[in-house]
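Each chain, letter by letter, is given below.
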Amino acid sequence: MERWDRIGRAAAYGAAAALVPYLVIKVSWVVGSLLGLLPVGQGFSLGGWLVLNTVTIGMAAAGITLGLALVRPWGMRIPGRVLGFFAWIGSGFLVSILPYVVVSAFVTPDAGGSNDSGSDASMPGWEAVLLQCSFVGTGIALAVALPACLWRRRPDMLRRPDPPRTRSSAGSLWPALTGAVTGLAWLYWAVGGSLGIAHRDERPAGWHVLVGVSACWALAASTAVLAIARRRPARLPYPLLLASAWLGSGSMFAWSGWRLPATVYVALAHPSDVSYPENVAVAVALHATAVLAGAGIMGTLLRGDRGRASVADDEQRSAERVGRRP
């Protein structure tokens, strides 16, 4: 395990370093726009461009801090739930980006930029490459660093509970079903379904890929949490189920939480320069449902963790009582 710990620590530093180019580029965009040296992104006002990129600068800074917190001694002083929440959000964003970048490279050559992240189609090619390398590098590094950090702090979390959880499945049923319905709706759109689509001709290949990736993660999380909540444990490795539920729920919560405010704005303000392929009312409903499902699935995992801790505490108290017997 010492070798695995060294690899995890190196990956944590790599995750932080990979986001530095993204941060520098975003800062240059904000400063250049304010000074009139760089153009504002297509479809954005100056104010909107500055707000969007300032938010992404904050997200990049948080990602760098998260990578360092996974390896530096001061990170051990951060409460596990706080560190876990930000790791959940960060990994939720990145697990959708990684397959999107890979698949879109084969599907469409111009899918490298995304307005969701504040990029622009007119940016130089080298900037687009650096942005994508930041996403991909951070995602791969966190995939190694997070389990290593979890093993250092809570090694019991990666082991299948014994005895298996006996809690009622009602608490895990509603987020799983909600996530599955949302995932199936996205999958229907990804394969070309037109129900709920307002502008059928405004669905580029990259849109299909991103919606399809989101659908796969939603379905994976829903299936995994149902398997975890079963009284009879599934045959799949428990770390695999835990990772699927963790990453899939984070993807739903992070991406839909990011898109929901923008979609609500479009639904209410009807800006002339912005249009979504999907009906905005349907998109708002699906994003809100995905946020609730992602939070519900994570809540199910946390309730199971509290149950595991309660069993461990009971066993410790029983051992102490046996030890005190004359």
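Residues numbered from 1 in each chain as written. Predicted model: local features only at pLDDT ≥ 70, side-chain atom pairs only at ≥ 80, totals over all residues. Heavy atoms only, no water.

**Some points on the overall build of the protein chain**
- Each helix and strand counted, the protein chain has nine helices and zero strands in total.
- Along the protein chain, helices (α) and strands (β) appear in the sequence α-α-α-α-α-α-α-α-α when read from the amino end.
- Counting only contacts in the protein chain whose residues sit at least 6 apart along the sequence, the fraction spanning at least 24 positions is 78%.
- Summed over all atoms, the accessible surface of the protein chain reaches about 16,900 Å², with 67% contributed by carbon and sulfur. (Helix = DSSP H or I, 4+ residues; strand = E, 2+ residues; numbered from the N terminus. Contact = heavy atoms within 4.5 Å. Areas by Shrake-Rupley, 256 points an atom, 1.4 Å probe, with all protein chains shown as cover.)

**Side note on helix H1 (residues 2–18)**
- Compared with an ideal rise of 1.5 Å per residue, which puts 17 residues at 24 Å, H1 spans 24 Å between its outermost C-alpha atoms and is within 8% of the ideal.
- Among the residues of H1, those classed as buried are Asp 5, Gly 8, Ala 11, Ala 12, Ala 15, Ala 16 and Ala 18. The arc that holds the buried residues of H1, viewed along the axis, is 165°, so those residues lie on one side. Residues of H1 that are exposed and point over 90 degrees away from its buried face: Glu 2 and Arg 3.
- Structurally, H1 contributes buried residues whose contacts are with helix H2 (20–35), helix H3 (46–69) and helix H5 (125–153). (Expected span 1.5 Å × (residues − 1). Buried < 20%, exposed > 50% of the residue type's maximum accessible area, 1.4 Å probe, protein only. Arc of directions from axis to C-beta.)

**Some thoughts on the nonpolar core**
- Counting residues in each nonpolar core, the largest one holds 61 residues, and the members touching the most others are Leu 70, Trp 186, Trp 189 and Met 252.
- Every residue in contact with Met 252, bar those within four places of it in the chain, is listed here: Gly 179, Ala 218, Ala 221, Gly 257, Ala 290, Val 291, Ala 293, Gly 294 and Ile 297. (Core = buried A, V, L, I, M, F, W, Y, C linked by side-chain atoms within 4.5 Å.)

**Topic: the packing of aromatic side chains**
- Under the definition given, this model contains eight aromatic pairs.
- On the numbers, 5.5 Å between centres and 25° between planes, the contact of Trp 29 with Trp 49 is stacked. With a gap of 20 residues between them, Trp 29 in helix H2 and Trp 49 in helix H3 connect regions that are remote in the sequence.
- A residue is classified by how much of its surface remains accessible, and Trp 29, at 5% relative accessible area, is buried.
- Assessed through its relative accessible area of 3%, Trp 49 is described here as buried.
- When the centroid spacing of 6.1 Å and the interplanar angle of 50° are considered together, the rings of Phe 85 and Trp 88 count as tilted. In this pair, Phe 85 and Trp 88 both sit in helix H4 (residues 80–107), three residues apart, roughly one turn of the helix.
- Grouped by ring-pair contacts, the aromatic residues Phe 85, Phe 86, Trp 88 and Phe 253 constitute a single cluster. (Phe/Tyr/Trp six-rings, centres within 6.5 Å; stacked < 30°, edge-to-face > 60°.)

**Re the packing of H2 against H5**
- Axis separation between H2 and H5 bottoms out at 8 Å; the angle between their running directions is 135°. Judged on the interaxial angle alone, H5 and H2 are oblique. Listed contacts from H5 to Pro 21, Tyr 22, Ile 25 and Trp 29 of H2 are Glu 127, Leu 130, Leu 131, Ser 134 and Phe 135.
- Residue composition of the contact of H2 with H5, grouped by class: seven nonpolar, one polar and one charged. (Axes fitted to C-alpha atoms, helices over the stretch in contact; angles between N-to-C directions. Parallel < 35°, antiparallel > 145°, perpendicular 65-115°, else oblique. Nonpolar A, V, L, I, M, F, W, Y, C, P; charged D, E, K, R; others polar.)

**Focus: the side chain of Arg 203**
- One can find Arg 203 in the loop between helix H6 (170–190) and helix H7 (205–229).
- Asp 201 provides the closest opposite charge to the buried, salt-bridge-free Arg 203, at an N-O distance of 6.8 Å.
- From its side chain, Arg 203 meets the backbone oxygen of Gly 193 in a polar contact 2.9 Å long.
- Contacts of Arg 203, omitting those with residues within four sequence positions, involve Trp 189, Gly 192, Gly 193, Ser 194, Ile 197, His 208 and Pro 277. (Lys, Arg positive; Asp, Glu negative; His and termini not counted. Salt bridge = Lys/Arg side-chain N within 4 Å of Asp/Glu carboxyl O. Polar contact = N/O pair within 3.5 Å; in protein donor to acceptor, adjacent residues only side chain to side chain.)

**Overview of the environment of Val 136**
- Along the chain, Val 136 falls in helix H5.
- Setting aside residues up to four positions removed in sequence, Val 136 forms contacts with Leu 98 and Val 101.

**Digging into the environment of Ala 262**
- Its place among the elements puts Ala 262 in helix H8 (residues 238–269).
- The class of Ala 262 is partly exposed, set by a relative accessible area of 35%.
- In this structure, the C-alpha to C-alpha distance between Ala 262 and Val 284, residues 22 residues apart in sequence, is 9.4 Å.

**Examining a nonpolar patch on the surface**
- On the surface, Val 27, Val 31, Leu 34, Leu 35, Leu 37 and Leu 38 cluster together to form a nonpolar patch covering roughly 560 Å² of accessible area.
- With respect to the helices and strands, Leu 35 occurs in helix H2. (Patch = residues over 30% accessible without salt bridge, like charges linked within 9 Å, V, L, I, M, F, W, Y side chains within 5 Å.)

**Focus: H5**
- Across its 29 residues, H5 extends 41 Å between first and last C-alpha, which sits within 8% of the 42 Å expected from 1.5 Å per residue.
- In the structure, H5 departs most strongly from a straight axis at Leu 142, where the bend amounts to approximately 30°. (Bend = angle between axes of the 7 residues up to and from the residue.)

**Topic: the confidence of the model for the protein chain**
- When pLDDT is averaged along the protein chain, the result is 79; 79% of the residues meet or exceed 70.
- When pLDDT is averaged over each element of the protein chain, H2 comes out on top at 91 and helix H9 (residues 280–324) at the bottom at 70.
- Low pLDDT (under 50) marks residues 163–168, which in the prediction has 12 contacts with non-local residues, meaning those over four places away or in another chain. (pLDDT = per-residue confidence, 0-100.)

**Details of the environment of Val 20**
- Summarising the element assignment, Val 20 is placed in helix H2.
- Look at Val 20 and you get partly exposed, because its relative accessible area is 38%.

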